[in-house]
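Spelled out, the chains give:
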Amino acid sequence: MDDVFRALADPSRRELLDRLRADNGQTLGELCTRLDMTRQAVSKHLGILEEANLVVTVKRGREKLHYLNPVPIHEIAERWIGKFERGRLRALAELKRKLEGETDG
């Protein structure tokens, strides 16, 4: 999980993830045309994202397609955010039940 947090700490890598979320399965060249970074910088950032398992690649002929892997982010959400959401959702469900009970009577 440390690799994921380190990878997410950089705004350029977050931008790459946002770009892949918006249009998954891009080549390095496609990512470079949409970013204000050199090809080498994009490649380096993608390598770090791959090491953190936030990006997976698939070879298609001579092309290498990059895909967002949401699993590590989901694991962070489950571990660090999920427990806080459960209480809030319980409170909302209770409020809904009470409000609906008041209008039924």
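Residues numbered from 1 in each chain as written. Predicted model: local features only at pLDDT ≥ 70, side-chain atom pairs only at ≥ 80, totals over all residues. Heavy atoms only, no water.

Draft legend 1. Spotlight on a nonpolar patch on the surface. Together, Met1, Phe5, Trp80 and Ile81 give the surface a local cluster of nonpolar side chains, amounting to about 390 Å² of exposed area. Position of Met1 relative to the elements: it lies in the segment before α1 (2-8). (Patch = residues over 30% accessible without salt bridge, like charges linked within 9 Å, V, L, I, M, F, W, Y side chains within 5 Å. Areas by Shrake-Rupley, 256 points an atom, 1.4 Å probe, with all protein chains shown as cover. Salt bridge = Lys/Arg side-chain N within 4 Å of Asp/Glu carboxyl O. Helix = DSSP H or I, 4+ residues; strand = E, 2+ residues; numbered from the N terminus.)

Draft legend 2. Region of interest: the side chain of His45. Here His45 is to be found in helix α4 (residues 39-51). Assessed through its relative accessible area of 13%, His45 is described here as buried. Side-chain polar atoms of His45 contact the side chain of Arg13, separated by 3.1 Å. For His45, the residues in contact, after removing those within four places along its chain, are Asp10, Ser12, Arg13, Leu16 and Met37. (Buried < 20%, exposed > 50% of the residue type's maximum accessible area, 1.4 Å probe, protein only. Polar contact = N/O pair within 3.5 Å; in protein donor to acceptor, adjacent residues only side chain to side chain. Contact = heavy atoms within 4.5 Å.)

Draft legend 3. Seen up close, the packing of helix α2 (residues 11-22) against α4. Taken N-terminus to C-terminus, the directions of α2 and α4 make an angle of 80°; their axes are 10 Å apart at the nearest point. What the angle tells us is that α2 and α4 run roughly perpendicular. Across the interface between the two elements, Ser12, Arg13, Leu16 and Leu17 of α2 pack against Val42, His45, Leu46, Ile48 and Leu49 of α4. Classifying every residue of the contact of α2 with α4 by side-chain character gives 6 nonpolar, 2 polar and 1 charged. (Axes fitted to C-alpha atoms, helices over the stretch in contact; angles between N-to-C directions. Parallel < 35°, antiparallel > 145°, perpendicular 65-115°, else oblique. Nonpolar A, V, L, I, M, F, W, Y, C, P; charged D, E, K, R; others polar.)

Draft legend 4. Up close: α4. Taking 1.5 Å per residue as the helical rise, α4 with its 13 residues ought to reach 18 Å, and the 18 Å between its terminal C-alpha atoms agrees with that figure. Buried within α4 are the following residues: Val42, His45, Leu46 and Leu49. Mapping the buried residues of α4 onto a view down its axis gives an arc of 100°, with all of them on the same face. Of the exposed residues in α4, those oriented more than 90 degrees away from the buried face are Gln40, Lys44 and Glu51. Here the buried face of α4 lies against α1, α2, α3 (28-33), β1 (55-60) and β2 (63-68). (Expected span 1.5 Å × (residues − 1). Arc of directions from axis to C-beta.)

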